[in-house]
Amino acid sequence: MDSCVKIINEWDIVAARQLGRNVAKDLGFGTVDQARITTAISELARNIYLYAGQGQVCIEKTEAVGKTGLIIISEDQGPGINDLRKVMEDGFSTSGGLGAGLPGVKRLVDEFTIESNPGEGTLIKAIKWLR
Amino acid sequence: MGFRDVMHEKYKEILESYMEDQNEQALYLSQKFSRKSIEYKISPEEIISIHKTALMELEAERSDSVMPSFDILLEVMMGYGLAYREHQSLRTIQQELKSEIEVAANMQQTLLGTQIPDVDCLDIGAISVPARQMSGDYYHFVQDEQGAVSVAIADIIGKGIPAALCMSMIKYSMDSLPEGRHEPYQVLESLNRVVEQNVDPTMFITMFYGMYNTINHTFYYSSAGHEPGFFYNHETKEFEELYAKGLLLGVDKKTKYRQFEKRVDVGDVILLMSDGVTECRTEEGFIEVDTLIGYIEKYIHLEAQEIANKVYKELEYLQDFQLRDDFTLIILKRIK
Ligand SMILES: Nc1ncnc2c1ncn2[C@@H]1O[C@H](COP(=O)(O)OP(=O)(O)OP(=O)(O)O)[C@@H](O)[C@H]1O
Ligand SMILES: [Mg+2]
């Protein structure tokens, strides 16, 4: 199964969401969690589309001791993010602090890591565990 | 049954009862349910899912066609859910900030604490109320061995934390003036140099410094752009402005301050204040000086502290209990 979607234009965001929904459904996530996962994917994919130009979003099953989950990996070789601390602050996103953006993604999932170096790109991993 | 299942069941009951006969009771229960779900941090999108499931369980056959519509609703509500959670986390942060400021305000009160001097010939009263949690007003009394009572009153233009920080600096420069008696103009000149060197040029400080000589009963004073005080002449029952002129602190390091003096007889009263008193604003604009004097006059026969308290109460009432600026009023009454 091809578990990655290349993000080049806006419609690829929809494809990434669809992939995320399918995997989430298969793993047995409920409707609310499915919606949370697809929202997180949307946000990450939209950031790639808007700020990095292109990149990819991969969705996979992940496992840890006694639990199963879904991992979203968003990766690009774009300009990177300068001040991660600022970006992860509530109320910073350009949407004017409506709770969306990266802090929103972090809230939607159970685990969230972000690595970014200016000029090199951004790598974000987000995991949602099955309850 | 887990908490969520309980909420689920509860919701289903409410829904079932309402679908049967649209009773108000069910609507009231819904309101209570809503409060409880907010309390337990159930997000908006989850509520929709609860609704959808309940509906499905209640009338599976009929509702088939509307079911998918909930997916759209759920997606739309997701954004509200995120905004709601952000709001919750910001609220926590705000609460933390608030208690931090409270601690700072308490520290400021301790830092700025000043003892009202105890001298036979004077009855002294003072009141200082910040508009917000921290005050940009400052007042301080000093009593020297020869019995002179000095009083400083300063106002940092601006309010809140920046003003409070700036004021701590004033307090320390006052404390570090060399020992011994200082003429008011000397105090202002030396503070002016400190402020000029240390304070952001956008911050302005006004100060009035007075020294009451308890031997010759003369009040010596200088002002650095501060609100003029008032002098009440007991014999003529008239008020006059304690005229003094001088540049604000920190504008020019070479500023010289003029010193004025006023003879004080038994029953006379000196009133010093910050602009939170004179610029007390009501719906109709600033209060008139005459109005202010009217209030003071009404209570002038009382003890100094009582005058201060009563005038404050009047002005507080006049402003609908919403101070727009820090309020400080100092009263020196010669009683012997
Ligand atoms: N993949 C990325 N590459 C480069 N910069 C990024 C990337 N993702 C985010 N950023 C930077 O981080 C900032 C914050 O992103 P975030 O998604 O939190 O908010 P936003 O996109 O500005 O607004 P919103 O997503 O709420 O509409 C962006 O404005 C952008 O400057
Ligand atoms: Mg974004």
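With an unreviewed UniProt entry as reference, chain B is termed SpoIIE family protein phosphatase, source organism Bacillus aerolatus.

By the naming in an unreviewed UniProt entry, chain A goes by ATP-binding protein and is assigned to Bacillus aerolatus.

Draft legend 1. Summary view of the overall build of chain A. Along chain A, the regular secondary structure elements total four helices and five strands. Reading the secondary structure of chain A in the N-to-C direction produces β-α-α-β-β-α-α-β-β. Counting every position in chain A, which comprises 131 residues, the buried fraction comes to 49%. Counting only contacts in chain A whose residues sit at least 6 apart along the sequence, the fraction spanning at least 24 positions is 58%. As presented, chain A carries roughly 6,800 Å² of accessible surface, and 49% of it is formed by carbon and sulfur atoms.

Draft legend 2. Local environment of the sheet that holds strand E4 (residues 111-117) of chain A. All names here are of chain A. The five strands lie next to each other as E1-E2-E3-E5-E4, forming an open sheet whose pairing is antiparallel. The sheet terminates laterally at strand E1 (4-7) and E4, the two strands that pair on one side only. With strand direction ignored, the average angle separating the axes of adjacent strands in the sheet is 15°. Inspection of the sheet shows strand E2 (residues 55-64) paired to strand E3 (residues 67-76) by 10 bridges, in the antiparallel sense. Bridging from a neighbouring strand, Gln 56 pairs with Glu 75 of E3. Each of E1, E2 and E3 touches helix H1 (residues 11-27); the most contacted strand, E1, lies at about 165° to it.

Draft legend 3. Expanded view of the pattern of salt bridges. Inspection of the entire model under this criterion finds 17 salt bridges over all chains. For Glu 75 of chain B, the salt bridge goes to Arg 17 of chain A, with nearest N and O atoms at 3.0 Å. Residue Glu 75 of chain B is located in helix H5 (residues 67-112), and its partner Arg 17 of chain A is located in helix H1; the two belong to separate chains. Between Asp 33 of chain A and Lys 128 of chain A there is a salt bridge, with the nearest N and O atoms lying 3.8 Å from each other. Linking Asp 33 of chain A in helix H2 (residues 31-52) with Lys 128 of chain A in strand E5 (residues 121-129), this pair joins segments that are 95 residues apart in sequence. Under the relative-accessibility criterion, Asp 33 of chain A is labelled buried at 8%. Residue classification places Lys 128 of chain A among the buried positions, given a relative accessible area of 9%. A single salt-bridge network, built from bridges that share partners, covers Asp 33, Arg 36 and Lys 128 of chain A together with Arg 4, Glu 45, Glu 46 and Arg 85 of chain B.

Draft legend 4. Focus on the state of the cysteines. Residue and element names in this part refer to chain A. A full pass over the atoms with the stated rule returns one disulfide over all chains. The disulfide bridge from Cys 4 ends at Cys 58, spanning 2.0 Å between sulfur atoms. Disulfide Cys 4-Cys 58: the torsion about the S-S bond is 105°, which places it as right-handed. Of this pair, Cys 4 sits in strand E1 while Cys 58 sits in strand E2, and the two are 54 residues apart along the sequence.

Draft legend 5. Up close: the side chain of Ser 222 of chain B. Residues and elements named next belong to chain B. When you line up the elements, Ser 222 lands in strand E5 (residues 218-224). On the accessibility criterion, Ser 222 (0% relative accessible area) is buried. Only 2.8 Å separates the side chain of Ser 222 from the backbone oxygen of Arg 258, close enough to count as a polar contact. Excluding residues within four positions of it along the chain, Ser 222 makes contact with Pro 184, Tyr 185, Leu 188, Met 207, Phe 208, Tyr 209, Arg 258 and Gln 259.

Draft legend 6. How the structure looks around the sheet that holds strand E3 (residues 149-157) of chain B. All names here are of chain B. Within the open sheet, the five strands sit side by side as E2-E3-E4-E5-E8. Their pairing is antiparallel. Here the strands that pair on one side only, and so sit at the sheet edges, are strand E2 (137-143) and strand E8 (260-263). The sheet shows a mean angle of 15° between the axes of neighbouring strands, direction not considered.

Draft legend 7. Representation of unusual backbone geometry. Residue and element names in this part refer to chain B. In this model, Lys 41 sits at a positive phi of 60°, which is unusual for a non-glycine residue. The residue Lys 41 is located in the loop between helix H2 (24-39) and helix H3 (44-58) in this model. For Lys 237, which is not a glycine, the phi torsion comes out positive at approximately 60°. Within the secondary structure, Lys 237 is located in the loop between strand E6 (229-233) and strand E7 (238-242). Classification of Lys 237 by relative accessible area gives partly exposed; the value is 44%.

Draft legend 8. The arrangement of the interface of chain B and chain A in detail. Listed per partner, the contact involves 16 residues of chain B and 18 residues of chain A. In total, about 1,300 Å² of surface goes out of reach between chain B and chain A, with carbon and sulfur atoms giving 56% of it. Looking only at chain B, the three residues that lose the most surface to chain A are Glu 75, Leu 82 and Glu 86 of chain B, adding up to 42% of its buried area. Inspection of the chain B/chain A interface yields four salt bridges. Across the pair Glu 75 of chain B and Arg 21 of chain A runs a salt bridge, and its minimum N-O distance is 3.7 Å. For the pair chain B and chain A, the number of links is five residue pairs in polar contact (both at pLDDT 80 or more). Among the secondary structure elements, those contributing two or more residues to the side of chain B that touches chain A are H3 and H5 of chain B. Tallying contributions element by element places H5 of chain B first for the side of chain B that touches chain A, with 10 residues. For the side of chain B that touches chain A, the residue count by class is five nonpolar, four polar and seven charged.

Draft legend 9. Geometry of the pairing of E5 of chain B. All names here are of chain B. Of all seven residues in E5, seven are buried; the element is thus mostly enclosed. Because side chains alternate across E5, one face comprises the buried residues Thr 218, Tyr 220, Ser 222 and Ala 224, and the other comprises Phe 219, Tyr 221 and Ser 223, equally buried. Note that strand E4 (residues 204-213) and E5 share six bridges and pair antiparallel. Considered in E5, the bridge of Gly 210 is made with Tyr 221. The turn linking E4 back onto E5 is made up of four residues, and His 217 within it adopts a positive phi angle of 50°. Summarising the sheet, E5 and E8 pair through four bridges and their orientation is antiparallel. If you follow Tyr 221 over to E8, its bridge partner there is Phe 260.

Definitions and cut-offs
Residues numbered from 1 in each chain as written. Chains lettered and ligands numbered in written order. Predicted model: local features only at pLDDT ≥ 70, side-chain atom pairs only at ≥ 80, totals over all residues. Heavy atoms only, no water. Helix = DSSP H or I, 4+ residues; strand = E, 2+ residues; numbered from the N terminus. Buried < 20%, exposed > 50% of the residue type's maximum accessible area, 1.4 Å probe, protein only. Contact = heavy atoms within 4.5 Å. Areas by Shrake-Rupley, 256 points an atom, 1.4 Å probe, with all protein chains shown as cover. Pairing = 2+ DSSP bridges. Axes fitted to C-alpha atoms, helices over the stretch in contact; angles between N-to-C directions. Salt bridge = Lys/Arg side-chain N within 4 Å of Asp/Glu carboxyl O. Disulfide = S-S within 2.5 Å. Polar contact = N/O pair within 3.5 Å; in protein donor to acceptor, adjacent residues only side chain to side chain. Buried area = accessible area lost by both parts, 1.4 Å probe. Nonpolar A, V, L, I, M, F, W, Y, C, P; charged D, E, K, R; others polar.

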